[in-house]
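Inside the fold
In case you want the letters, here they are:
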Amino acid sequence: CIRDRNMSSWCPEEEIQTVLDEISDKLKMTATYVDPNGKILLKGGEYNPLCALIRAKEDALKFICSLTSQRMLKEVKKTGKPFIDYCELGLLRFVIPVFQDGELIGAIAACGTLDPAETVEIFFVAKQLDIEEEEAKDLTETVTVADPDEVKILVDKIANWVNQKT
């Protein structure tokens, strides 16, 4: 079982992994189960080449991923509701909080796909990753597109599942 910092369990690890894999399969997003501080405990799917490069560069990881993760975790802790937003590069992300006895004990999160209505700023990607704009353009073209309505439907479904488990 996944254990929070109070060592209480809310769901078998295999069930959470199944949900993460479903997110990855349906939306082509990397899905994670994180602790209340954003530390990844389980992962479903692989990072697209752009996100993999971001994660390999400490400064980019801090600025692009970590800041967004902390902002989103703060929001779900405050509202108690799932939150769909964009990272610093404009990629679609969501966080579904897991509460137990009124305390945030973790979250299901996913990232790494594009909303068809959004664009990624190539110059910004190149600058953040310290690469040429042509390479940045090639990397952004590897990012899949997800329908925001489908994302919302799946987020609501998973949030309902989490609420039933907790």
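To start, this report covers the structure provided alongside it. (Residues numbered from 1 in each chain as written. Predicted model: local features only at pLDDT ≥ 70, side-chain atom pairs only at ≥ 80, totals over all residues. Heavy atoms only, no water.)

1. A look at the sheet that holds strand β1 (residues 30-34)
- Strand order in this open sheet of five strands is β2-β1-β5-β4-β3, and the pairing throughout is antiparallel. Each having just a single partner strand, β2 (40-44) and β3 (83-86) make up the two edges of the open sheet. Neighbour to neighbour, the strand axes of the sheet diverge by 20° on average, direction disregarded.
- Bridge count between β1 and strand β5 (residues 103-113): five bridges; the pairing is antiparallel. Paired with T32 across the strands is A109, a residue of β5.
- Helix-sheet contacts for helix α3 (residues 58-79) involve β3, β4 (92-100) and β5, and the interaxial angle to β4 is about 45°.
- Strands in contact with helix α6 (residues 148-165) are β3, β4 and β5; relative to β4, the strand with the most contacts, it is inclined by about 10°. (Pairing = 2+ DSSP bridges. Helix = DSSP H or I, 4+ residues; strand = E, 2+ residues; numbered from the N terminus. Axes fitted to C-alpha atoms, helices over the stretch in contact; angles between N-to-C directions. Contact = heavy atoms within 4.5 Å.)

2. Some details on the nonpolar core
- Judged by nonpolar contacts, the single largest core of 26 residues is most densely connected at W10, I23, Y33, F94, I108, I158 and W161.
- Contributions of two or more residues to this core are made by α1 (13-27), β1, β4, β5 and α6.
- I64, L89, L91 and L139 belong to the second-largest nonpolar core, a separate cluster that totals 18 residues. (Core = buried A, V, L, I, M, F, W, Y, C linked by side-chain atoms within 4.5 Å. Buried < 20%, exposed > 50% of the residue type's maximum accessible area, 1.4 Å probe, protein only.)

3. Topic: the packing of aromatic side chains
- For the structure shown, the criterion picks out three aromatic pairs.
- Measuring from centroid to centroid gives 5.7 Å for W10 and W161, while their planes differ by 65°, and the two rings are edge-to-face. With a gap of 151 residues between them, W10 in the segment before α1 and W161 in helix α6 connect regions that are remote in the sequence.
- Among the aromatic residues, those joined into a ring-pair cluster are W10, Y33 and W161. (Phe/Tyr/Trp six-rings, centres within 6.5 Å; stacked < 30°, edge-to-face > 60°.)

4. Overview of the packing of helix α2 (residues 49-56) against α3
- Put simply, α2 and α3 touch, their axes get as near as 5 Å, and they point 115° apart. Relative to α3, the element α2 is oriented roughly perpendicular. Two secondary-structure elements touch here, α2 through I54, R55 and A56 and α3 through E58, A60, L61, I64 and C65.
- When its residues are assigned to classes, the contact of α2 with α3 shows six nonpolar, no polar and two charged. (Parallel < 35°, antiparallel > 145°, perpendicular 65-115°, else oblique. Nonpolar A, V, L, I, M, F, W, Y, C, P; charged D, E, K, R; others polar.)

5. Quick word on the packing of α3 against helix α4 (residues 122-129)
- Between α3 and α4, whose axes approach to 9 Å, the crossing angle comes to 135°. Viewed along their axes, α3 and α4 adopt a mutual orientation that is oblique. When α3 is examined against α4, the residues A60, F63 and I64 are found in contact with a partner set consisting of F124, Q128 and L129.
- Residue classes in the contact of α3 with α4 are distributed as five nonpolar, one polar and no charged.

6. Brief notes about the pairing of β4
- Along β4, eight of the nine residues are buried, which leaves the element largely enclosed by surrounding structure.
- Examined bridge by bridge, β3 and β4 share four bridges and lie antiparallel to one another. Paired with F83 across the bridge in β4 is V95.
- As consecutive antiparallel partners, β3 and β4 are separated by five residues, and within that stretch G90 has a phi angle of approximately 100°, a positive value.
- When β4 meets β5, the two strands line up antiparallel, connected through nine bridges. The residue bridging L92 from the neighbouring strand is T113, located in β5.

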